[in-house]
Amino acid sequence: MPDAQPDLPWLGRPHTVAAPRRRSPAAVIGVCLGAVAVLVLGLVAIVALNRTQAPLANANFRDAPTSQDLPPQLPGGAAGPASAPPSPSATLSAPSATGPQKILKLADHPILQDPNAGLQNRVCNLPAWQSTQDGAEAFFTAASKCLDAAWGPFLEAYHLPFTPPALHFPTGASFETECGTIQVGIATAAYYCENNLYVPFRGLQTDQYGNNPGVYLALFAHEYGHHVQEVAGLMDAAWQKIYEAGQNSPAGLEMSRRKELQAQCFSGMFLGAHVDQGGTITRDMYNKAWNDQETRGDNTSRSHDHGTNAHYASWWRAGATSNRIADCNTFAAPSSEVS
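Residues numbered from 1 in each chain as written. Predicted model: local features only at pLDDT ≥ 70, side-chain atom pairs only at ≥ 80, totals over all residues. Heavy atoms only, no water.

(A) Just the overall build of the chain, in detail. Along the backbone of the chain there are nine helices and five strands. Helices and strands appear in the chain in the N-to-C order α-α-β-β-β-β-β-α-α-α-α-α-α-α. For the chain, with 339 residues in total, the buried portion stands at 45%. In the chain, the proportion of contacts linking residues at least 24 apart, taken out of those at least 6 apart, comes to 71%. Total accessible area on the chain stands at roughly 16,600 Å², and carbon and sulfur atoms take up 55% of it. (Helix = DSSP H or I, 4+ residues; strand = E, 2+ residues; numbered from the N terminus. Buried < 20%, exposed > 50% of the residue type's maximum accessible area, 1.4 Å probe, protein only. Contact = heavy atoms within 4.5 Å. Areas by Shrake-Rupley, 256 points an atom, 1.4 Å probe, with all protein chains shown as cover.)

As structure tokens, then:
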């Protein structure tokens, strides 16, 4: 299990000032000067405390680029980044023909270049898990709001056309998407297609996982990670390579694994940025999600398009541990790390 994150550093100690025994003019002046000094020190301490809201394990992270991180004109005709990161409460912009555009790049995509960029540490409050259709819908609806608040400002800082994905909770044995008819089964706990995120309750295997909200949240955050790829242009760029190579060719399958393992890393980033922040994403949820990753992947599904169970776990843990998006650059990784 991952080590507990360190406490924030102690930033100062309380000051005490003894009253003088004599009230000579010099003493009065000294007391006044001392009071002013204490007031100034107090203000400095307050400013320092307000500024040092650093992540527990990510003291040097930035949640969005500054004007010095990217060139004034991004590749692909996209506009340059804002001079200051948008606030987490900023209104999310909708894509338009003349506004922010996707950037169809992979390893050299702008969001993957800054070694200090990560998600803002935030509080996420979710309802208690209930293994029912209504309970799952309430849980994932709340989770989607936290994911929107985490990824929306980050992507908008790169002038990417962020809009939240549409949520669907199909109840039948199959459901229709723009990607075709999807059969609900063990391999379909959640599904993403073209700005739509589907969570069929019967695919969650609640009889096996029971009251394990961390497992369900990591799964949901993985599918949301595909939405991040879609908005950024990574998804389209990856599928271009897959189609060029052939979907079932060795090169096509490797590109699919790179895409899936990056979504794993994005899922880990989200849980790592929200655990122990005072909300309902607890250390227990995080630890159970951490351990569950070893049970998922191509060794379990007997496919070749998601990555081995070991790699499925290692990329999720890389994101969860560092909360650095540059550490999720699966497209730059050697083939041995995405097998």
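(B) Focus on unusual backbone geometry. Phi is positive for Asn195, which is not a glycine, with a value near 70°. Turning to its location among the elements, Asn195 is positioned in the loop between strand S4 (191-193) and strand S5 (196-198). Even without being glycine, Asn323 reaches a positive phi, approximately 50°. With respect to the helices, strands and loops of the structure, Asn323 is situated in the segment after helix H9 (309-322).

(C) Representation of the state of the cysteines within the structure. Inspection of the entire model under this criterion finds three disulfides. Paired through a disulfide, Cys124 and Cys146 show a sulfur-sulfur distance of 2.2 Å. Of note, the bridge from Cys124 to Cys146 carries an S-S torsion of about 95° and is right-handed in sense. One end of the pair, Cys124, is in the loop between helix H1 (25-51) and helix H2 (133-156); the other, Cys146, is in helix H2, with 22 residues separating them in the sequence. Each member of the pair, Cys124 as well as Cys146, is classed as buried. Sulfur-sulfur distance for the disulfide between Cys179 and Cys193 comes to 2.0 Å. (Disulfide = S-S within 2.5 Å.)

(D) Geometry of the sheet that holds S5. The sheet built from three strands is open, its strands ordered S1-S5-S4 with mixed pairing. Two strands bound the open sheet, and with one partner strand each, they are strand S1 (166-168) and S4. Direction aside, neighbouring strands of the sheet carry axes that sit 20° apart on average. Sheet topology places S1 next to S5; three bridges connect them, and they run parallel. Pairing of His168 across the sheet is with Tyr198, part of S5. (Pairing = 2+ DSSP bridges. Axes fitted to C-alpha atoms, helices over the stretch in contact; angles between N-to-C directions.)

(E) Representation of the confidence of the model for the chain. Taken over all residues, the pLDDT of the chain has a mean of 79, while the share at 70 or more is 71%. Predicted confidence for residues 1-33 stays below pLDDT 50, and this span has 26 contacts to residues more than four positions away or in other chains. Counting contacts from residues 35-95, a segment whose pLDDT is below 50, to residues more than four positions away or on other chains yields 91 contacts. (pLDDT = per-residue confidence, 0-100.)

(F) Inspection of the pairing of strand S3 (residues 180-183) at higher detail. For strand S2 (residues 174-177) and S3, the ladder comprises four bridges, and the chain directions are antiparallel. Of the residues in S3, the one forming a bridge with Ser174 is Gln183. Once S2 ends, the chain turns through two residues before running back antiparallel as S3.

(G) Broad picture of the packing of aromatic side chains. Overall, the coordinates contain 16 aromatic pairs when judged by the stated rule. Between Trp151 and Phe154, the aromatic rings sit 5.8 Å apart at their centres with planes inclined by 85°, giving edge-to-face as the arrangement. Here Phe154 and Trp151 lie together in helix H2, a separation of three residues that amounts to about one turn. The class for Trp151 is buried, based on a relative accessible area of 1%. Residues Trp151 and Phe266 carry aromatic rings whose centres are separated by 5.1 Å and whose planes lie at 50° to one another, so their mutual orientation is tilted. Here Phe266 lies in helix H6 (residues 250-274) and Trp151 lies in helix H2, a separation of 115 residues in the sequence. (Phe/Tyr/Trp six-rings, centres within 6.5 Å; stacked < 30°, edge-to-face > 60°.)

(H) Focus on the nonpolar core. Core analysis: the largest hydrophobic core is formed by 71 residues, its most contacted members being Phe140, Trp151, Leu204 and Phe270. Taken together, the elements giving at least two residues each to this core come down to H2, helix H4 (213-232), helix H5 (234-245), H6, helix H7 (283-292) and H9. In this structure, Ile182, Val184, Cys193 and Tyr198 belong to the second largest nonpolar core, which totals five residues. (Core = buried A, V, L, I, M, F, W, Y, C linked by side-chain atoms within 4.5 Å.)

(I) Summary view of the environment of Leu197. Here Leu197 shows up in strand S5. Sequence separation of Leu197 and His168 is 29 residues, and the distance between their C-alpha atoms is 6.2 Å. The contact partners of Leu197, leaving out residues within four places of it in the chain, are Pro165, Ala166, Leu167, His168, Tyr191, Tyr192, Phe220, Glu223 and Tyr224.

(J) Representation of the side chain of Thr188 in the model. Along the chain, Thr188 falls in the loop between S3 and S4. Assessed through its relative accessible area of 10%, Thr188 is described here as buried. Among the polar contacts made by the side chain of Thr188, one reaches the main-chain carbonyl oxygen of Gln183 at a distance of 3.0 Å. With residues up to four places along the chain from it excluded, the contact list for Thr188 reads Phe175, Ile182, Gln183, Pro200 and Gly203. (Polar contact = N/O pair within 3.5 Å; in protein donor to acceptor, adjacent residues only side chain to side chain.)

(K) Quick peek at the packing of H4 against H5. Packing of H4 against H5 brings their axes to within 4 Å, and their N-to-C directions diverge by 85°. By the angle between their directions, the pair H4 and H5 is classed as roughly perpendicular. Of the residues in H5, those touching H4 at His226, Gln229, Glu230 and Ala232 are Leu234, Met235 and Asp236. Considered class by class, the residues forming the contact of H4 with H5 number three nonpolar, two polar and two charged. (Parallel < 35°, antiparallel > 145°, perpendicular 65-115°, else oblique. Nonpolar A, V, L, I, M, F, W, Y, C, P; charged D, E, K, R; others polar.)

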